[in-house]
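# A look at the structure
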Amino acid sequence: MFSKYFEDWNIKPDYSKEFVSLWTGWLGEENYYKLDEVTEKEWMRFNDWIRVLAENFSIELVDCNNQSISKVKDIESVLVGYEESMNKDSTLFTKLVIPELDCVISEEWDYTYIIWHKDNGAVEALTSSITKAGLKHFND
């Protein structure tokens, strides 16, 4: 299953990207200060989003070190708190698969997640959950 989505520990290049963030687009250098102003409550929107996803879809957790993907039985076991997240190394960023949408969701830097999809309706299927969590999405 890992090789369906990943090649050399990276998401395969045939996937498109949709960015999920606190903002409607890239901040730009003049607005970088906003990154320092994000509150814990705002940050929690990402965990809220993942919880909503788990209510509506089967979620699988990616383990890049072992090149494996396993079904998540309790979404709370995957989520981390604010303090832990602020000090997390990028190698520990969460990667999730939603098999029925054939997409990967990866945690990234600067309060951003990426939905890796194949233009197959995954973004449209996830839009209401993004909005419900108080987040925004955009593409390049």
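Keep in mind that this is a model prediction, so the values were computed, not measured.

### So, the overall build of the protein
Counting its regular elements, the protein contains five helices and nine strands. Reading the protein from its N terminus to its C terminus gives the helix and strand order α-β-β-β-α-α-β-β-α-β-β-β-α-β. Whereas a compact globule of 140 residues would reach a radius of gyration of roughly 14 Å, the protein reaches 15 Å, a difference of no more than 12%. In the protein, buried positions account for 45% of the 140 residues. Long-range contacts, defined as pairs at least 24 residues apart, comprise 63% of the intrachain contacts of the protein with a sequence gap of at least 6. A gap of 5 Å separates the mean positions of the 14 positive and 27 negative side-chain charges of the protein.

### Description of the environment of F2
Relative to the helices and strands, F2 resides in helix α1 (residues 2-5). In this structure, the C-alpha to C-alpha distance between F2 and F93, residues 91 residues apart in sequence, is 17 Å. If we skip the residues at most four places from it in the chain, F2 touches W9, V62, D63, C64, Q67, S68 and I69.

Conventions used here
- Residues numbered from 1 in each chain as written.
- Predicted model: local features only at pLDDT ≥ 70, side-chain atom pairs only at ≥ 80, totals over all residues.
- Heavy atoms only, no water.
- Helix = DSSP H or I, 4+ residues; strand = E, 2+ residues; numbered from the N terminus.
- Rg over C-alpha atoms; globule rule 2.2 N^0.38 Å.
- Buried < 20%, exposed > 50% of the residue type's maximum accessible area, 1.4 Å probe, protein only.
- Contact = heavy atoms within 4.5 Å.
- Lys, Arg positive; Asp, Glu negative; His and termini not counted.
- Charge placed at Lys NZ, Arg CZ, Asp CG, Glu CD.

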